[in-house]
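Examination of the molecular architecture
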Amino acid sequence: MTDLISEPAHLNMPEQILEDYRIAYRSRQLSLLARKDVMRGRAKFGAFGDGKELPQVVMARQFCPGDFRSGYYRDQTLMMALGELDVREFVAQLYAHANLRHEPSSGGRQMPSHFATRSLDENGAWRDLTQQFNTSPDISPTAAQMPRLVGLAQASKVYRESDLLRDMTTFSHNGDEVAFGTIGNASCAEGMFWESVNAIGVLRVPAVLTIYDDEYGISVPNEYQHTKGNISEMLEGLRQTDDSAGFNIYTVPGWDYVALRDAYVEAVAQARFDHTPAIIHVTELTQPQGHSTSGSHERYKSEERLQWERDHDGLLRLRAWMLRESLIDEAELAAIETEEHDFVQNEMRAAWDAFKADINDERQEVEQLIDVIADGSAHADQLHKLSKAMLREQVPHRKTVLETIFNVLKLTREEHIPARNDLIDWRDDYLRESQARYSTLLTNVTSPPEDHIKPVYNGDVTASGFQILNQFFDHALGRDPRVLTFGEDVGYLGGVNQSMAGMQEKYGELRVSDTGIRETTIIGQAIGLALRGLRPIAEIQYLDYVLYALQIMSDDLATLHWRTAGGQKAPAIIRTRGHRLEGVWHAGSPMAGIINLVRGMHVVVPRDMTRAVGFYNTLLHGEDPALVVEVLNGYRKKEPLPQNLTELMIPLGVPEMLREGRDVTLVTYGALCDIALRAAESLAEVGVEVEVIDAQSLLPFDVNGMIVQSLKKTNRILFVDEDVPGGTTAYMMQQVLEVQGGYHWLDSEPRTLSAQAHRPAYGTDGAYFSKPNAETIFTAVYDLMNEANPARYPMFYR
């Protein structure tokens, strides 16, 4: 290692170098002072970018309008250098200031140092992304920013190579945009890193990935993270050569400003112009304050290592180099540093005052209401103590305001004071406002249309399920050039069930393509493409394989619109199939695990392919992400062919009644609909009329209360599905009995019938004994009727 910054091939203007130093120094002061704020209790937690400043100011110089970042919580200097983050906004997020004017990344919903720009205007419409620097919203799970980087970079390839997208000029300028990824050295041990790097290399898309290497992952050194303790050596096989495509790979010390600049200039230029991806491994970085405010790195780093970090601090190295090169003298530099320190201090003070001001106004309103109550209360002294304690809180919280109100109401519960009603009204309004602050925008404000276009049939024309889907996908790809689909075996083969047969030949490999076996980055592709204005349909071959990608669906896709407070959207459709195939892993139904982890996505479970088409149409007209679970044994099954197939639309959250009845309401979905109907016919033979309802959509679920209307008539209900006991049947029961108030209409105990607690056993008999069947549905319903009226419905099978 040399102790000198590299000699420049050609030097930046001195003014630019000084500006870079100013931004880096400002960022460092922010890290130091923000940590102090955490330590004195003003904020809960902090993870800062100190030590990583130099590569970020250099990277920012190569970042152009239209480019995208997919990074993590060390990137404050990059965001500041781009002008997309100022000190007040950074500190507002540190304080969880729930106000978009002060904290535009997430409105206080995200942890500190989780950045995002706003791709949507206040009405939820797209902005011109080519005229702004773009950053996709950060998430904390390590390496989870990597999968979406694949799609962000792939979008440039799609825009460059598709003539049909030339008019989408607010999303791309001829595909010249670069996707910048950033990640820490330790996170490169994650499988998502390797899967994403592999996918980027295979797709040959313009991603420039920076690895910040400070040689530790919290307390664990590189020798425990990577073979040979060196990520560069592991990546060497990915390097582009004269004989094979790959990555441009650079290894650069993080304290060498000029070498960093030269690496980024070359890497980004090649990525931008010929779409060659690059990896820049930035080594010998330091972490002056350790990993985060949760601990001290002095606990695990030797004094020798700590001294090495002090000696190799990039900021100090750049400072010494500028003085040595006579770019500035000591007095001028010291003046800049004093100015930046004071500026950060003053801006942080202003951010703190703004944070307090919102809540102080609310506390004063409550204080006045309590004073009025106290004037008529026998507990006046205690009420004033509660009020003063609320006002004395040094770090104001809305939680304390509501706790105070609760204690005031409890203390005066036996007193008839008119002002208590004023306090209750104030609290109710406050709760509604807080609901808006923290719990709105889980899905997009521009929800899918409510139009219900039902199938129209003409004669006895039928088609197999896969043919129905094939006809629709042909139409969808033909009418909207933004639609593209990809997954394992989707392209050349046309899908394992042939629903995409002929589509690649007709629409090209760019829009209908095969992928490797890499479910996580299939979802990541969909997220990144959707963030850039495209409408991807990503296929996960079987429902059980969704579990490979469930973390990315849950932590990234499902939360994206919510955690940006409506600032970004990714209307990706995830397509899969499941249920009735006979086998342990291709026949599972982990629906409860899925629906409870992907709130923020729609989850639909069509019983046949005609219904699937109706949902695909609705979702493509909407702006939210969704998971569509097709019935696996429905592809070869004949269905009546609607003459208006391509226009069908099924509204989300609206069940369909399949059979009317008076005795019991039976709620199910998917493949079990046919089995439930067979059981209902059998029950009719013994005098029991079952009303069979297909839920159709689990998220959202029965938004108009159709099921409870049925329950008012039958007063008995059974929920049936193929999930484990206590799974989706329990979810549906909670929705109907608790949310819709169905409990009040019950004459019998509500029942659920699910699959066994284990995975379904293999073979015909294995499936029969593992899942609900016509006989078990019959007995579950008949047991209810026997219990209600044993004389009319005598037991005959026990």
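That block above? That's the structure.
Below or above, wherever it landed, is the structure these notes cover. (Residues numbered from 1 in each chain as written. Predicted model: local features only at pLDDT ≥ 70, side-chain atom pairs only at ≥ 80, totals over all residues. Heavy atoms only, no water.)

It is worth spelling out the packing of aromatic side chains at this point. Tallied over the entire structure, the rule returns 28 aromatic pairs. Taken together, the ring pairs in this structure connect Phe778, Tyr782, Tyr793, Phe796 and Tyr797 into an aromatic cluster. Stacked on the ring of Tyr216, the Lys or Arg Lys301 has its end atom at 5.1 Å from the ring centre. Its guanidinium or amino end placed over the ring of Phe466, Arg636 lies 4.6 Å from that ring's centre, counting from NZ or CZ. (Phe/Tyr/Trp six-rings, centres within 6.5 Å; stacked < 30°, edge-to-face > 60°. Lys NZ or Arg CZ within 6 Å of the ring centre and 35° of its normal.)

Turning to the sheet that holds strand 12 (residues 535-539), a few remarks are in order. Spatial ordering of the open sheet is given by 11-10-12-13-15-14-20, a layout of 7 strands whose pairing is mixed. Since the sheet does not close on itself, it has two edges, and those belong to strand 11 (512-514) and strand 20 (697-699), each with one partner. Ignoring which end each strand starts from, the neighbouring axes of this sheet average 20° apart. Summarising the sheet, strand 10 (residues 483-487) and strand 11 pair through 3 bridges and their orientation is parallel. If you follow Thr485 over to strand 11, its bridge partner there is Val512. This element, helix 15 (residues 465-479), spans strand 10, strand 11, strand 12, strand 13 (573-578) and strand 15 (626-631) of the sheet and lies at about 130° to strand 10. (Pairing = 2+ DSSP bridges. Helix = DSSP H or I, 4+ residues; strand = E, 2+ residues; numbered from the N terminus. Axes fitted to C-alpha atoms, helices over the stretch in contact; angles between N-to-C directions. Contact = heavy atoms within 4.5 Å.)

Taken as a whole, this structure holds 4 cavities of 30 Å³ or more when the rule is applied. Size it by volume and the largest cavity reaches roughly 50 Å³. Leu442, Thr443, Asn444, Leu557, Leu560, His561, Lys569, Ala570, Gly600, Glu623, Asp624 and Pro625 are the residues that line the largest cavity. Classifying every residue of the lining of the largest cavity by side-chain character gives 5 nonpolar, 4 polar and 3 charged. Of the residues contributing to the lining of the second largest cavity, the split by class is 6 nonpolar, 4 polar and no charged. (1 Å grid on protein atoms, 1.4 Å probe; cavity = no way out; pocket = protein on both sides within 12 Å on 5 of 7 lines; lining within 4 Å. Points joined across faces, edges and corners; volume = space filled by probe spheres on them. Nonpolar A, V, L, I, M, F, W, Y, C, P; charged D, E, K, R; others polar.)

Close contact between helix 4 (residues 87-94) and helix 11 (residues 330-375) brings their axes to 9 Å; oriented N to C, the two are set at 50°. Classified by the interaxial angle, the pair formed by helix 4 and helix 11 is oblique. Regarding helix 4 and helix 11, the two cross each other, and that crossing is right-handed. Along its contact with helix 4, which presents Val87, Arg88 and Val91, the element helix 11 presents Phe343, Val344, Glu347, Met348, Ala350 and Ala351. A class-by-class count of the residues in the contact of helix 4 with helix 11 yields 7 nonpolar, no polar and 2 charged. (Parallel < 35°, antiparallel > 145°, perpendicular 65-115°, else oblique. Left-handed = near helix turned anticlockwise from the far one by under 90°.)

What follows covers helix 26 (residues 774-788). Look at helix 26: 22 Å from first C-alpha to last across 15 residues, which is about the 21 Å you get at 1.5 Å a residue. Taken as a whole, helix 26 has its buried residues at Ala774, Ile777, Phe778, Ala780, Val781, Tyr782, Asp783, Leu784, Met785 and Asn786. The N-cap residue of helix 26 is Asn773: its side-chain oxygen and the backbone nitrogen of Glu775 are 3.0 Å apart. (Expected span 1.5 Å × (residues − 1). Buried < 20%, exposed > 50% of the residue type's maximum accessible area, 1.4 Å probe, protein only. Polar contact = N/O pair within 3.5 Å; in protein donor to acceptor, adjacent residues only side chain to side chain.)

This paragraph deals with the sheet that holds strand 4 (residues 207-212). Strand-to-strand pairing in sheets goes through backbone hydrogen bonds, with the strands running parallel or antiparallel. An order of 2-1-3-4-8-7 is seen for the 6 strands of this open sheet, with the pairing classed as parallel. Both outer strands of the open sheet, strand 2 (134-135) and strand 7 (248-253), are each paired with one neighbouring strand and no more. Across the sheet, helix 5 (residues 146-161) lies against strand 1 (68-70), strand 3 (179-184) and strand 4, angled at about 165° from strand 3, the strand it touches most.

With 13 residues, helix 22 (residues 672-684) ought to run about 18 Å at 1.5 Å a step, and its terminal C-alpha atoms sit 18 Å apart, in line with that. Of the residues making up helix 22, those classed as buried are Leu672, Cys673, Ile675, Ala676, Ala679, Ala680 and Leu683. Around the axis of helix 22, the buried residues are gathered within 160° of arc, so they sit on the same side. Its buried side turned inward, helix 22 meets strand 17 (656-659), strand 18 (664-668), strand 19 (690-694), strand 21 (717-720) and helix 26. (Arc of directions from axis to C-beta.)

Looking now at the nonpolar core. Ranked by internal contacts, the top residues of the largest apolar core, which has 84 residues, are Phe193, Ile574, Met591, Val598, Leu698 and Met732. Counting 65 residues, the second largest nonpolar core, distinct from the first, contains Val57, Val208, Ala259 and Trp321. (Core = buried A, V, L, I, M, F, W, Y, C linked by side-chain atoms within 4.5 Å.)

Residue Pro700 is bonded to the preceding Leu699 through a cis peptide linkage, with omega at 0°. Tracing the chain through its elements places Pro700 in the loop between strand 20 and helix 23 (706-714). One non-glycine residue, Glu215, adopts positive backbone phi at about 75°. Its relative accessible area of 30% is what places Glu215 among the partly exposed residues. Of note in this structure, Lys228 is not a glycine but carries a positive phi near 70°. Relative to the helices and strands, Lys228 is located in the loop between strand 6 (220-221) and helix 7 (231-235). Lys228 gets classed as exposed once you look at its relative accessible area, which sits at 67%.

As a further point, take the layout of surface pockets. By volume, the largest pocket is sized at about 420 Å³. What lines the largest pocket is a set of 23 residues, and nearest its centre among them are Lys44, Tyr95, Ala96, Phe355 and His397. Contributions of two or more residues to the lining of the largest pocket are made by helix 4, helix 11 and helix 13 (398-411). Counted by class, the lining of the largest pocket contains 13 nonpolar, 5 polar and 5 charged residues.

Treat this as a map of the structure, not an account of what it does.
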